[in-house]
Amino acid sequence: MKLPITAILVGAGRRGSQVYGKYALKNKKKLKFIAVAEPIKTRREKFAKLHRIPLSRCYKSWEDLLSEDKFADVAYICTQDQKHAEPTLLALEKGYDVLLEKPMAHTLNDCIRIVKKVEEMGGILGVSHVLRYTGFFSTIQKLIEMGLLGEIINITHRENVMWYHYAHSFVRGPWANVDKSSPMILAKCCHDFDLLFQMVGSLPKKISSFGNLLHFKPENAPKGAPEYCLDGCPARDKCLYYAPRIYIDIIPQIQFMEKSNNKVLKVLAKLRKNYVNFLTYISKIIPQFKELRYYKDFPIYYLYTGQKEDYSDEAKARILKTSSYGKCVYHCDNDVVDHQIVNIEFENGVTANLTMHGFSELEGRTLRIDGTRATLIGKFHISGERIILYDHFTGKEKLVYKKKLTRESGEHGVGDFELIDAFIESLINKNKIQPLTNARDLLESHLMAFAANESRLKGTIIDMEEFRNNAYKLE
Ligand SMILES: NC(=O)c1ccc[n+]([C@@H]2O[C@H](COP(=O)([O-])OP(=O)(O)OC[C@H]3O[C@@H](n4cnc5c(N)ncnc54)[C@H](O)[C@@H]3O)[C@@H](O)[C@H]2O)c1
């Protein structure tokens, strides 16, 4: 395969346009999108314009695009979780290599169908486990492979989802309801299982899990709370999750800037919080201030699903009156867990536990690895990253990795572009086996997530060999 790789995009939403699309625009010699399938007209047209895709190669859905014979090297599948399997299977069938967003699919059966199809067609499948490619997690992997920790004995890993992020995605948003998306342990933690699998370097042997939906239920609603926050909620001044507080006053972003060590960010936080009229005025004269006044980044852009992107307070208030993002968090149709723990014993004897929850003060992962020669403690937060190694023999500690807050920190510590690079590398060098593109290895993280879900629901310990064998018999 030659550079630039030609690609078709299925789903020009956030990931499709802001990650893969952005990469292609910045790396024109490596990747070129030559077709797009997207039902939302404004998204489709915007993507087509940016990538100079002719009208004849713009499609309203993956069904239309993939009804054509193969005309590009790769298919990027970036639809929502429940729409991964069918376009992926058809793209593989047509002979495309595929980069598929995580999770592979929302059911175990569909994941298995995809793995079997890859094996049947002999194509390359990449799943977007971007965290493997971050500086933070690749440093940890190197330290393990260098033997600096000795033999790993135990890992404690936490996925701390920040309170407003959880409410946005898992109460009001696309991943709130299992029947419409996927179990949260799959949606959020297939990354973490993938990392654990890589760090331990062994198949999981047994899994058990507990968890439930504890907080976001009608019985916890403030007295008299209506279905939509803007319908006169009596708790508007006290409720953490009052929608205008998050989407109009951008309080989480302000708090984040206030907590930063950066003095400029602190001043900007004060300006946005206490002098918003003045900010409105100066942003008319100095356009750079518009970014702060009319903040468009996560989670705000999710409010816009095809309508004109007007970021004024009035336009956002109109959207919040009917959008699921404007609903009272205690009156949504959510049923996914808001906290879950998973215990794993691997075949090589290592034990690990994973805690996932939606009530963190800060977004990010933290982990502790105890080995026979050293302990590693790592913090992977959007406000900064650090890894400290505590050597048992010398008794000394060493800061082995440090990264300050960057604009990209919110986007998985930049692993996205490294993952795309690695995928392109494996396409060009078909013989080179990358961990990214071994379909059965990719599946392992998903098997762990489905097993954890089953254990939680049935109250049983899952024997992973049996679970895996039964899964491969599915279809
Ligand atoms: N790798 C990661 O770390 C990571 C991070 C966030 C999200 N994701 C995953 O990426 C996927 C996409 O997430 P997103 O936030 O970009 O979602 P999104 O809703 O912004 O984008 C999905 C797009 O697919 C389009 N679509 C719907 N039906 C379609 C059809 N029939 N044909 C073509 N397109 C269609 C939608 O209109 C939408 O624009 C999800 O599965 C999500 O779990 C992965």
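Cut-offs and rules
- Residues numbered from 1 in each chain as written.
- Predicted model: local features only at pLDDT ≥ 70, side-chain atom pairs only at ≥ 80, totals over all residues.
- Helix = DSSP H or I, 4+ residues; strand = E, 2+ residues; numbered from the N terminus.
- Near = placed C-beta within 6 Å.
- Nonpolar A, V, L, I, M, F, W, Y, C, P; charged D, E, K, R; others polar.
- Core = buried A, V, L, I, M, F, W, Y, C linked by C-beta atoms within 7 Å.
- Buried ≥ 20, exposed ≤ 12 C-beta atoms within 10 Å, placed from the backbone.
- Contact = placed C-beta atoms within 7 Å.
- Pairing = 2+ DSSP bridges.
- Domains from an automatic or database assignment.
- Axes fitted to C-alpha atoms, helices over the stretch in contact; angles between N-to-C directions.

With respect to unusual backbone geometry
With an omega of -5°, the peptide bond between Leu3 and Pro4 qualifies as cis. Relative to the helices and strands, Pro4 is located in the segment before β1 (5-10). With an omega of -15°, the peptide bond running from Lys102 to Pro103 counts as cis. Within the element layout of this structure, Pro103 appears in the loop between β5 (97-100) and α5 (108-121). If you check the backbone angles, Arg52 has positive phi at about 55° while not being a glycine. Counting through the fold element by element, Arg52 comes out in the loop between α2 (41-51) and β3 (58-59). In the Ramachandran plot, Ile250 falls in the positive-phi region, its phi being about 40° despite a non-glycine side chain. Among the structural elements, Ile250 can be located in the loop between α9 (243-247) and α10 (251-259).

Remarks on the site of the ligand
Taken together, 25 residues are adjacent to the ligand, and Gly11, Gly13, Arg14, Arg15 and Glu101 come closest. Residues of the shell around the ligand, tallied by class, amount to nine nonpolar, eight polar and eight charged.

A word on the nonpolar core
Among the nonpolar cores identified, the biggest contains 128 residues, and Leu9, Val10, Tyr76, Val98 and Leu196 are the most heavily contacted of them. Considering every element that reaches this core, the biggest residue donor is helix α8 (residues 184-200), with twelve residues. In this view, Tyr76 contacts Ala7, Leu9, Val10, Gly16, Tyr20 and Leu99; residues no more than four positions away in its chain are not counted. Of all hydrophobic cores here, the second largest spans five residues; its members include Ile250, Ile254, Met257 and Leu268.

A few points about the sheet that holds strand β13 (residues 384-391)
Two modes of strand pairing occur in sheets, parallel and antiparallel, and in both the strands are linked by backbone hydrogen bonds. If you walk across this open sheet you meet the nine strands as β14-β13-β12-β11-β7-β10-β9-β8-β15, and the pairing is mixed. Edge positions in the sheet fall to β14 (397-404) and β15 (462-463), since each has one partner strand and no second. With eight bridges connecting them, strand β12 (residues 374-381) and β13 associate as antiparallel partners. Its bridge partner lying in β13, Lys379 is registered against Arg386.

As for the environment of Lys402
With respect to the secondary-structure elements, Lys402 resides in strand β14. Remark: the alpha-carbon pair of Lys402 and Ile387, spanning 15 residues in sequence, is separated by 6.6 Å.

So, the domain arrangement of the chain
When cut into domains, the chain gives domain 1 (5-128), domain 2 (132-216 + 334-413 + 437-473) and domain 3 (238-326). Using C-alpha coordinates to define each centre, domain 1 is positioned 32 Å away from domain 3.

Digging into the sheet that holds β5
One open sheet holds the six strands; their spatial order is β3-β2-β1-β4-β5-β6, and the pairing between them is parallel. In this open sheet, the two edge strands, each paired with only one partner strand, are β3 and β6 (125-127). Bridge count for strand β4 (residues 74-77) against β5 is four bridges, and the pairing is parallel. Bridging across to β5, Tyr76 finds its partner in Leu99. Strand contacts of helix α1 (residues 14-26): β1, β2 (31-37) and β4, with the helix running at about 145° to β2, the strand carrying the most contacts.

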